[in-house]
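# Structural features, examined
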Amino acid sequence: MRKIFAKPKSLRDVPTHYCPGCGHGIVHRLICEVIDEFNIREKTIGIAPVGCAVIAYDYWDFDVTEAAHGRPPAVATGIKRILPSNIVFTYQGDGDLAAIGTAEIIHTANRGENITVIFVNNGNYGMTGGQMAPTTLLKQKTKTTPFGRDKVRDGYPLKISEMLAVLDGVVYLERVSVHKPANVRVAKKAIKRAFQTQIEKKGFSMVEVVAMCPVGWGTSCEGSVKWIEDNIIKYYPLGILKEKSEILNPKSETNSKSEIRNKS
Amino acid sequence: MRDTKHAKTVLMTGNEAIGEAAVAAGCRLYAGYPITPQNELTAYMSKRMVEEKRVFIQSESELAAINMVFGASVAGARAMTSSSSPGISLKQEGISYLAGCELPAVIVNIMRGGPGLGNIAPAQSDYFQATRGGGHGDYRTIALAPSSVEEAAELTRLAFDLADKYRGPVLVVGDGILGQMMEPVQNSKFKIQNSKLLPKPWALTGAKGRKPNIIRSLYLKPGALEEFNKKLQRKYEEIKEKETRFENILTKDAELVIVAYGTTSRITKAAVQSLRKKNKKAGLIRPITIWPFPDKAIKDAAENTKVFLAVEMSNGQMVEDVELAVKGRRPVHFYGRPGGGVPTPEEIEKEAEKLL
């Protein structure tokens, strides 16, 4: 009998610690499917964040390191520069990438590091109990915005992907969601394109994945899907934010550049 | 930049010597951020690492630099970053993670006056930070304190070997004088290392033909972190036993033993020689590793000497380790110049004469 659907090889056959209705499991799986399809499990190095996905290495069946909160892009830079033939990706939440690690993500993207970033945006700090994140929507209630996010006190939801898209070093950047099966299919395509970008040595690629966090949002699984549909994707519209056709990267170019400078 | 290939000796600054020694030791990634008085090192690496087709990155911050080093170390490469005091404070997060993940790395601190922004003059006021771990958690870092440009080269090479051997961050601790003064260095110090480096089966290189490797400092199971910490402590005990380094100068018959490290030890040496000319029995113990501290050497000296004097470019930090080693059996005095002050041999001589 032909098997048409199975667990990806890169995903360990273990239960996860994620809450019911959480989006992380879907995103983990999509990454693993893509890694299997490219047959790159044996040369992939993942970087797990601080946040809900902190023990992602218990679920992924390839080499993974931890990184301090916000620092995965710097760690990825170190790994990829030493092992340019390996596939290196970071997995980061909104607190990690868009708050404490803002400097690292901007400069890693701007250097055009040939890595892939999977940015899971669920609008709050899930691991610590649901505090306001940079991506929390206005008026949204969290543990630290009990009266709702106030633009005067708390500022506006950060459009980090839009900010990154303007950088010359960014080759591919798309925002997707995993709140409906049709969106999950689009998300997989985007993750695949991001890895493809890296495999082809084109430069920095990132996928922002809007994901459900029913427990952090104080709603049901269904309610979290509705929240994304009615609120999040209105503020954070889905789609490709950056797509560069020309190739700029190969990091070996840095050598020749410096020689030219010395001669002058 | 000078030609280091053909001359027997080369005249270079401490910062450059550290850089060239790192190249010789097989450092494959250097990441740094500008800060005085270590800028010559970053500039030197920006040329030499590229010449050797290795990785040089001027990072966006000290945090990024130490984490790039973390990444290179994860991938199994020798890697180094350098900074000066305020920048080293920023790197402490990464140093704690390196210790927690048992990753080798070399961190150079060319110390300047503090606290805060302080000044850019030479200082030794990061002693506590260098010898007590520095970041959060129960860990220690080997801290090597050279007192000459040539020794800075030697100890930088040693730092890479020790980092690999004990799988952890190792500090090379100098000051603004050591970093910026020029001295001749034997070119042989920069011979490319031919000996085989230790294998790193734990490194992340892709799980080909083996089970996936995981690097982490997170231990959530009850008791697991306690066990890991005990393992770290056993490692530190072994380091104390095997890697404590110091120099005894004229201590055998000394009635006064001065304890000083780095630049201060050189100034003190001149004072000791001058005292000896006056037939005053002074000696010097120079810690080469400030952690592990040579407490046994000091304990041994306490058997025969009458009094100790700790001299530092700080308000008195190492003096506490001298007191811990002496354990109250002899008086321990202190003379220090904080905030970028540099003592003269005459000043130290005068302090010593009060005790002799």
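Residues numbered from 1 in each chain as written. Chains lettered and ligands numbered in written order. Predicted model: local features only at pLDDT ≥ 70, side-chain atom pairs only at ≥ 80, totals over all residues.

### Examining the packing of helix 2 (residues 72-82) of chain A against helix 4 (residues 102-110) of chain A
- Packing of helix 2 of chain A against helix 4 of chain A brings their axes to within 7 Å, and their N-to-C directions diverge by 40 degrees. Along the contact surface, helix 2 of chain A presents P73, A74, A76 and T77 of chain A, while helix 4 of chain A presents E104, I105 and T108 of chain A. (Axes fitted to C-alpha atoms, helices over the stretch in contact; angles between N-to-C directions. Helix = DSSP H or I, 4+ residues; strand = E, 2+ residues; numbered from the N terminus. Contact = placed C-beta atoms within 7 Å.)

### Considerations on the sheet that holds strand 9 (residues 239-243) of chain A
- Read from one edge of the open sheet, eight strands run 9(A)-7(A)-8(A)-4(A)-3(A)-1(A)-2(A)-9(B), paired in mixed fashion. The two strands at the open ends of the sheet, each matched to only one other strand, are strand 9 of chain A together with strand 9 (214-215) of chain B.
- Across five bridges, strand 3 (residues 87-93) of chain A lies against strand 4 (residues 116-121) of chain A in parallel orientation. By the bridge assignment for strand 4 of chain A, F89 of chain A is matched with T116 of chain A. (Pairing = 2+ DSSP bridges.)

### Some points on the interface of chain A and chain B
- Each partner contributes residues to the interface: chain A has 32 residues there, and chain B has 35 residues.
- Put simply, the parts of the chain that give the side of chain A that touches chain B at least two residues each are strand 1 (44-48), strand 2 (63-66), helix 2, helix 4 and helix 10 (253-263) of chain A.
- If one sorts the elements of the side of chain A that touches chain B by residue count, helix 2 of chain A sits on top with eight residues.
- A per-class count over the side of chain A that touches chain B returns 14 nonpolar, nine polar and nine charged.
- Bridge count between strand 2 of chain A and strand 9 of chain B: two bridges; the pairing is parallel. Residue pairing in the sheet places V64 of chain A in a bridge with I214 of chain B of strand 9 of chain B. (Nonpolar A, V, L, I, M, F, W, Y, C, P; charged D, E, K, R; others polar.)

### Concerning the confidence of the model for chain A
- Residues with a pLDDT of 70 or more make up 93% of chain A, whose mean pLDDT is 93.
- Low confidence marks residues 252-264 of chain A, where pLDDT is under 50. Its contacts with residues over four positions away, or in another chain, come to four contacts. (pLDDT = per-residue confidence, 0-100.)

### With respect to the pairing of strand 2 of chain A
Residue and element names in this part refer to chain A.
- Here strand 2 shows a buried face lined by D63 and T65 and a second buried face lined by V64 and E66.
- Sheet analysis places strand 1 next to strand 2, joined by four bridges and oriented parallel. Bridge pairing in strand 2 links I45 to D63. (Buried ≥ 20, exposed ≤ 12 C-beta atoms within 10 Å, placed from the backbone.)

### As for the environment of P146 of chain B
Residues and elements named next belong to chain B.
- Position of P146 relative to the elements: it lies in the loop between strand 6 (142-144) and helix 6 (149-166).
- When the 25 C-beta atoms within 10 Å are taken as the criterion, P146 is described as buried.
- Considered as a pair, P146 and A270 are 124 residues apart in the sequence and their alpha carbons are 17 Å apart.
- If near-sequence neighbours (up to four positions away) are discounted, P146 is found in contact with E151, A152, L155, G174, L178 and G262.

### Quick notes on the pairing of strand 1 of chain A
Residues and elements named next belong to chain A.
- In terms of burial, strand 1 is a largely internal element, five of the five residues being buried.
- Residues T44, G46 and A48 point to one face of strand 1 and I45 and I47 to the other, with burial holding for every one of them.
- Where strand 1 and strand 3 come together, four bridges link them in parallel fashion. Among the inter-strand pairings, I47 is bridged to a residue of strand 3, identified as T90.

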